[in-house]
Structure formats: C-alpha cells, structure tokens
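# Chains, contacts and geometry: an overview
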Amino acid sequence: MIFETANAKLNLSLDTLYKRDDGFHEVDMVMTTIDLSDHLAFQKTNNHGTIHIEVDNRFVPTDKRNLVYQIIDYFIREFNLDAGVHVELTKRIPISAGMAGGSSDAAATLRGMNVLFNLGLSLEELANIGAQFGSDIPFCVYNRTARCTGRGEKIQHIANTPSCWAVIAKPNVGVSTKEVYDQFDVEIHQAKINNDKLIRALENKDYLEMVKHMGNDLELVTEQFVNEVKQFKETMINAGVDIAMMSGSGPTVFGLCQKERQANKVYNSIKGCCTDVYKVRVLG
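Since the structure is predicted, the reported quantities are computational estimates derived from the model, not experimental observations. (Residues numbered from 1 in each chain as written. Predicted model: local features only at pLDDT ≥ 70, side-chain atom pairs only at ≥ 80, totals over all residues. Heavy atoms only, no water.)

Secondary structure summary: the protein chain contains eleven helices and eleven strands in total. Over its C-alpha trace the protein chain gives a radius of gyration of 19 Å, about what one expects of a compact globule, namely 19 Å for 284 residues. Projected onto its principal axes, the C-alpha positions of the protein chain cover 55 × 40 × 35 Å. Across the 284 residues that make up the protein chain, the buried fraction comes to 55%. Within the protein chain, residue pairs in contact and separated by at least 24 positions form 74% of the contacts whose partners lie at least 6 positions apart. By element, 43% of the accessible surface of the protein chain is carried by carbon and sulfur atoms, the whole surface being about 12900 Å². Once the 30 positive and 36 negative side-chain charges of the protein chain are each reduced to a mean point, those two points are 5 Å apart. (Helix = DSSP H or I, 4+ residues; strand = E, 2+ residues; numbered from the N terminus. Rg over C-alpha atoms; globule rule 2.2 N^0.38 Å. Buried < 20%, exposed > 50% of the residue type's maximum accessible area, 1.4 Å probe, protein only. Contact = heavy atoms within 4.5 Å. Areas by Shrake-Rupley, 256 points an atom, 1.4 Å probe, with all protein chains shown as cover. Lys, Arg positive; Asp, Glu negative; His and termini not counted. Charge placed at Lys NZ, Arg CZ, Asp CG, Glu CD.)

With that settled, consider the pairing of strand β5 (residues 146–149). Alignment of strand β2 (residues 25–45) against β5, held across three bridges, turns out to be antiparallel. What sits directly across from Met29, in β5, is Cys148. Pairing geometry for β5 and strand β6 (residues 154–157), over four bridges, is antiparallel. Bridge pairing links Cys148 to Ile155 in β6. The turn joining β5 and β6, which pair antiparallel and follow one another in sequence, is formed by four residues; a positive phi near 70° is taken by Gly150. (Pairing = 2+ DSSP bridges.)

Moving on to the packing of aromatic side chains. In the structure shown here, the tally under the stated rule is three aromatic pairs. Ring geometry for Tyr74 versus Phe75: centroids 5.9 Å apart, planes at 85°, classification edge-to-face. An aromatic cluster of three or more residues is present, and its members are Tyr74, Phe75, Phe79 and Phe133. In this arrangement the basic side chain of Arg151 is found over the ring face of Phe24, its NZ or CZ atom lying 5.2 Å from the centre. Here the basic side chain of Lys279 rests over the ring of Trp165, its NZ or CZ set 5.1 Å away from the ring centre. (Phe/Tyr/Trp six-rings, centres within 6.5 Å; stacked < 30°, edge-to-face > 60°. Lys NZ or Arg CZ within 6 Å of the ring centre and 35° of its normal.)

Right, here's the structure in full:
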C-alpha cells in the first residue's frame, strides 16, 4: 500500500489579468501550502481496470466525477496497467473552499500511482499530466510555494513563506469558481497587486512586507454571493490578525498571525461563526 498526503493551499495573491481566447482567465498568483491535509492510501487489486474509492465524506463523489478516479483511469489506459486500484481517501480539507482540496487529492493520486506502479515519472512529467485535469494540480504536485501564471498551470518555484500561522474559516456554503470568474470585471474589481514585491519579501523572509503585498482580485465578486466573506474578514481583523483575505475564488477566509498565541485568540473569536474553523501552520 502506498500512502500520500494532500496539503491544502492558500493564495497569498491572486491577480486576474484578462480573459483569454480559450475562455480561461490569465492569472498571476502566489500560492503556498498549509498543515491541513487529506490522506490517501493506494493499493493494487486483481480486478483489472476497476477503480474503487472509499471516502469518509458523503459529499465527495466516488465515480467519474472525482478527479482521483479520472487520473487513475488515465494511468490504467495510458500505461496499460494490468491491475485495478483501491483508494482510501480521508477528507480534512473543506470542499468547494478555494483551498484546492480536489486538486491536491488529484496531485497526490499522480504521485501515488507513479510509485505504486513504479513508472519512474518525474514531478515535471506528473505536473504536465495534471494540467490536463485542472489548473491548480501542477502546483499541488510540487507542494511548495510558487508563482503560478497562465491559467495557473505554469509554475515558478520561489522562496517559502516566513514562519507564521493561519486561522481559516469556511462559510457553510460553496461557490462556483466558474461563476465567480464569469462575474469578474477586470476594469472594476482589479486590485493593486505587485507579485514582484511580494516575492522579494518572501526571499528576504520579511513577514510584514509579505503581508503588505498580499491581495485577491476575486474577493469583491465572491462577497456578492457570500456575505460571510466580509463578515469573517472583519471579525479576524478585530481579533488581531496581520491580514485577512480570501483564498482562491473562496469562500474560505484566512487570517495570518506571526505568533501562535495571536492565532489562538483569533481562532477563539471566529470559531463561533461557522463549523469549519482551523488553526494551522503555513508550510510552503
């Protein structure tokens, strides 16, 4: 049996540049990983071509709608694998939260299948396969802080974040990434994000300078669908975070703290607002 960990991601920045001819938006993002993860276990079976996913969350599909299923199916067909695969998936990352839970599970599946069948593929090759299934998957394959451009699939590895904590709160609703982007207007909503300065702050391990240059273009759009985004940000700011913002297309809100005792205070302030609240380390 092969075990893989799928870490959630947070956007330190999300700069939406323009809508491309292919319908996707050109983005420039800085993303990092956190100590909140799903866990997957992969095992070969004698039932050739069969895929069985066992998951502890009833809201997660176990058929072809699941990226884990799709990627296993791709490997079986592409590499003529003479076996079936059984997967045990333990979910901890919130669903439809802007934290790449599904993409991270997909990336863990790419790595797991590579090892399970001894295919010898590099991380770059796995990332290229993953890009066919989702824009965030290449980032999740590498599982480290990166600048992500194109539609998110072009990866430039950068310095990890300074040591800090994140308090994360997900409203009890989900949002459609496609719907958020469809409602996005570059002229109206574009924030003043400078990823070059953000990356320099990371290189210098300058926490306060990093916080100064973080931002997310999509916040104002998602706030129109989910009132809690603005409410959670205000609650976290009043509780003493150094910055509060949304991750990805949301609706998850996170606040960064340099000290754990500061994060504990924020966690206690926000945990009464919703069910999904976490205090985690930022890993990178």
